[in-house]
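Analysis of the macromolecular model
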Amino acid sequence: MMKILIVEDEKELMESMLSFLKESGMNCEIADNLNDAIKQLEAHDFDCIVLDIGLPDGNGLKLIQELQKKDHQTGVVIVSARNSLDDRLTGLNIGADDYVTKPFYMPELVARIKSVYRRRSFQGKNEIVHNELRVVPDEMIMYVNDKLISLTKKEHELLLYLINNQNKVITKESIAEHLWGDHADMADSFDFIYSHVKNLRKKITDNGGKDYLKSVYGVGYKFALE
Amino acid sequence: MRLLNITNRYYIAIALVLLVVSSAFLAYRVIYVMDMEVSEHLLYEKQEIEKQLSLQPDLQGFHFVIGDKIEISPIDKFTSFKVNLTDTMIYDEYEKKEVPYRKLTYEQLIDGEGYRISIRKRLAESENLIGGVTLTLILVAIDIIACFYFLNRWFSKRVWKPFYRALNGLKHFDLHKGEKLTFQRSRIDEFNTLSTELSKLTDKVARDYQNLKEFTENMSHETQTPLAVVRSKLEVLLQSDNLKEEQVNQILSALESVKRLSKMNKSLILLTRIENEQFADEQMIDLSKLVHSHLENMEMFILSKKLNLKTSITSGVFMNINAHLGDILISNLISNAIKHGKSGGDLLIMLDHEKLVIANHGPAPVISDDQIFERFKKGDQPDSIGLGLAIVKRICDHCFCEIHYEFKNELHTFTIEFSGDKVQLREEQAANV
């Protein structure tokens, strides 16, 4: 089970993250200021830290410096209200693994954390295995019952996004933003998601896989375990 | 019309009226005075003749005095001592025309004999006189007006210099640059007052603008966290079991609003950042590649709308621009054209080292051409936030490029004209591609 430290001073947001990440099967500790976070860091080893930069007692980037002293395999995902390229670059340069701007979609945060975790712990050579399904994160392929199936870029991104958020209802908006970023509000993007899901489903079931991709009427999609 | 010209015009008009009136008066006075002078002279001559006649009573016939003609002729009967002054025209043999004379006639008794004596004196011809006066006055008038005009220009230029300097300062005052407007002191109190007031005003405007920008940025930033809270709560809520369809719909529409608000915030922050010149680091960006990559990225949307993509993209067009801004500029323009493009219509993209043209077919715009780049002007597009083109405009302003919009033959056309030093065509690059 992944161990996560959530550093966020906004109590309500912290609670939501805690609840969502726990439900996503992560073991979470919390800290609402820099001091607490540093103490937590000394007491435990974490797989990933979700870090808000603007903390009441200092800049969250200090925590990354602390972390580097420990020389750990801990990944860092910065969560910030600041969206400028400079802020991102500063964060990433100082040693963060990823950067998410508020307001973010929870499944997006989960996907980022998992991706950081995988990169850190398996040096990228890893597969996400779910029963007869194996998805390779860095190549646009998957295996169904050990049969290699190639995917389009968007299909691959979509599958990873859904499988990273197993058993969660993922809204179409969140998927659109994940796949197309700023162009998510382009006309027809929901239709594209629909056809991608349809193609993915076909590729899986045609090769003897189970139909994991469920449509949730009016809301979005779900990678169902059963 | 310039202030100088207006005052000059008034001055000249007034001077002309005055000159006409005074020249009429002058002519009248000159004629009158000369007239008086002639009469007086004649009377004086009369006395002189009387004196001489009384000394030399045997004088008979004609006695010429150069210029004046004196005629003495005997009369039958002396009637009175009355002196007559009359004006007559007499034919002049030399000039071959009639010229005016004044004639003084009187009767005198010399040794008991009656004589009529008349003295004629030539008058200055009044047309000549008036002509002379008029000509002189016209010359004087031209002189005065010319002097007046140039002196006034010179004076005004000197006197109004601080005013024009202030005006020029105002003309080049740019809020976005955040420079303070300073005025030089002058000797003239009114202009100093004007400068002081203008300084105060522009300072206040600049301060207000700065405050507004800070407010917008702070507001937008500070809203992101509460929005994150709202979105996260809604997403957690959405995961709960046994939600009724009605409840799901409520959550979804709340999520939709959060999305809009968040997008708007991000755009406003971007606008403010551009205005604050926070994108200083510029580098040569391959626009041609950028356009291609965005087209590739949005290929699906182009295909699904069955847009007829026609491109003419010169390779190796490099632009000196901040990478992030360049990306947003191209992306906003292309996505705008796709979003508003008519299904089955054309999507035209043309790029060379002089300009970038992006055009799409579509119905006539509901807002006017000059409003299209304004914030929150989104015509009849309820889904759009109305900041995309405002951002495009700001970026163009930021890089000193001109952007024009035109709607013609059902074609919405955006043209960016690059300023010369910003863009270069790299031939070696073009050869490689």
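See the structure printed just above.
Residues numbered from 1 in each chain as written. Chains lettered and ligands numbered in written order. Predicted model: local features only at pLDDT ≥ 70, side-chain atom pairs only at ≥ 80, totals over all residues. Heavy atoms only, no water.

1. Comments concerning the overall build of chain B
When its secondary structure is counted, chain B shows nine helices and 13 strands. Within chain B, buried positions represent 39% of all 433 residues. For chain B, the share of sequence-separated contacts (at least 6 apart) that also reach a separation of at least 24 residues comes to 67%. (Helix = DSSP H or I, 4+ residues; strand = E, 2+ residues; numbered from the N terminus. Buried < 20%, exposed > 50% of the residue type's maximum accessible area, 1.4 Å probe, protein only. Contact = heavy atoms within 4.5 Å.)

2. Describing the sheet that holds strand 7 (residues 98-101) of chain A
Residues and elements named next belong to chain A. Across the sheet, five strands lie side by side as 2-1-3-6-7; this open sheet has parallel pairing. Each having just a single partner strand, strand 2 (26-31) and strand 7 make up the two edges of the open sheet. Averaged over all pairs of adjacent strands, the angle between strand axes in this sheet comes to 20 degrees, irrespective of strand direction. Of the strand pairs in this sheet, strand 1 (residues 2-7) and strand 3 (residues 48-52) are connected by four bridges, and their pairing is parallel. (Pairing = 2+ DSSP bridges. Axes fitted to C-alpha atoms, helices over the stretch in contact; angles between N-to-C directions.)

3. Thoughts on the sheet that holds strand 14 (residues 220-223) of chain A
Residue and element names in this part refer to chain A. As summarised here, the arrangement of the three strands in space is 12-14-13, forming an open sheet in which the pairing is antiparallel. Two strands lie at the open edges of the sheet, namely strand 12 (169-171) and strand 13 (213-216), each paired on one side alone. On average, each strand axis in the sheet is tilted by 35 degrees relative to the strand beside it, whichever way the strands run. Along the sheet face, helix 6 (residues 153-164) touches strand 12, strand 13 and strand 14 and points at about 65 degrees away from the line of strand 14.

4. A look at the pairing of strand 3 of chain A
All names here are of chain A. The element strand 3 is extensively covered by neighbouring structure, given that five of its five residues are classed as buried. Of the two faces of strand 3, the one holding Cys-48, Val-50 and Asp-52 and the one holding Ile-49 and Leu-51 are both buried throughout. Direction of pairing for strand 3 relative to strand 6 (residues 75-80): parallel, over a ladder of five bridges. The residue bridging Ile-49 from the neighbouring strand is Val-76, located in strand 6.

5. Quick notes on a negative patch on the surface
Residue and element names in this part refer to chain A. There is a patch of like negative charges on the surface, built from Asp-9, Asp-32, Asp-36 and Asp-57. Tracing the backbone shows Asp-57 in the loop between strand 4 (54-55) and strand 5 (58-59). Accessibility expressed as a relative area gives 34% for Asp-57, which makes it partly exposed. (Patch = residues over 30% accessible without salt bridge, like charges linked within 9 Å, V, L, I, M, F, W, Y side chains within 5 Å. Areas by Shrake-Rupley, 256 points an atom, 1.4 Å probe, with all protein chains shown as cover. Salt bridge = Lys/Arg side-chain N within 4 Å of Asp/Glu carboxyl O. Lys, Arg positive; Asp, Glu negative; His and termini not counted. Charge placed at Lys NZ, Arg CZ, Asp CG, Glu CD.)

6. Things to note about the environment of Ile-416 of chain B
Counting through the fold element by element, Ile-416 of chain B comes out in strand 12 (residues 411-417). Excluding residues that lie within four positions of it along the chain, Ile-416 of chain B makes contacts with Leu-329, Leu-333, Glu-354, Lys-355, Leu-356, Cys-396, Cys-401, Glu-402 and Ile-403 of chain B.

7. Quick notes on the side chain of Ser-118 of chain B
All names here are of chain B. Tracing the backbone through its elements, the reader meets Ser-118 in strand 5 (residues 113-122). A relative accessible area of 7% places Ser-118 in the buried class. When near neighbours in sequence (up to four residues on either side) are disregarded, Ser-118 contacts Lys-69, Ile-70, Glu-71, Lys-103, Leu-104 and Thr-105.

8. Structural notes on unusual backbone geometry
A cis amide bond, omega -10 degrees, links Lys-102 of chain A with the succeeding residue Pro-103 of chain A. Note that Pro-103 of chain A resides in the loop between strand 7 and helix 5 (106-122). Here Asn-167 of chain A, not a glycine, exhibits a phi torsion of approximately 65 degrees, which is positive. One can find Asn-167 of chain A in the loop between helix 6 and strand 12. One non-glycine residue with positive phi stands out, namely Asn-409 of chain B, at about 50 degrees. Following the sequence through the fold, Asn-409 of chain B ends up in the loop between strand 11 (402-408) and strand 12.

9. Comments concerning the interface of chain A and chain B
Tallying the contact residues gives 40 residues for chain A and 37 residues for chain B. Regarding the contact of chain A and chain B, the summed buried area is about 3500 Å², with carbon and sulfur atoms giving 61% of it. Of all residues in chain A, Pro-103, His-183 and Met-186 of chain A give up the largest surface area on contact with chain B, accounting jointly for 20% of the area buried on that side. With its nearest N and O atoms 3.0 Å apart, the salt bridge here joins Lys-233 of chain B to Glu-12 of chain A. At the junction of chain A and chain B, the tally comes to eight residue pairs in polar contact (both at pLDDT 80 or more). Of all the secondary-structure elements, those providing two or more residues to the side of chain A that touches chain B are helix 1 (11-23), helix 4 (85-94), helix 5, strand 12, helix 7 (172-180) and helix 8 (189-206) of chain A. A per-element tally of the side of chain A that touches chain B places helix 1 of chain A first, with seven residues. Classifying every residue of the side of chain A that touches chain B by side-chain character gives 16 nonpolar, ten polar and 14 charged. (Buried area = accessible area lost by both parts, 1.4 Å probe. Polar contact = N/O pair within 3.5 Å; in protein donor to acceptor, adjacent residues only side chain to side chain. Nonpolar A, V, L, I, M, F, W, Y, C, P; charged D, E, K, R; others polar.)

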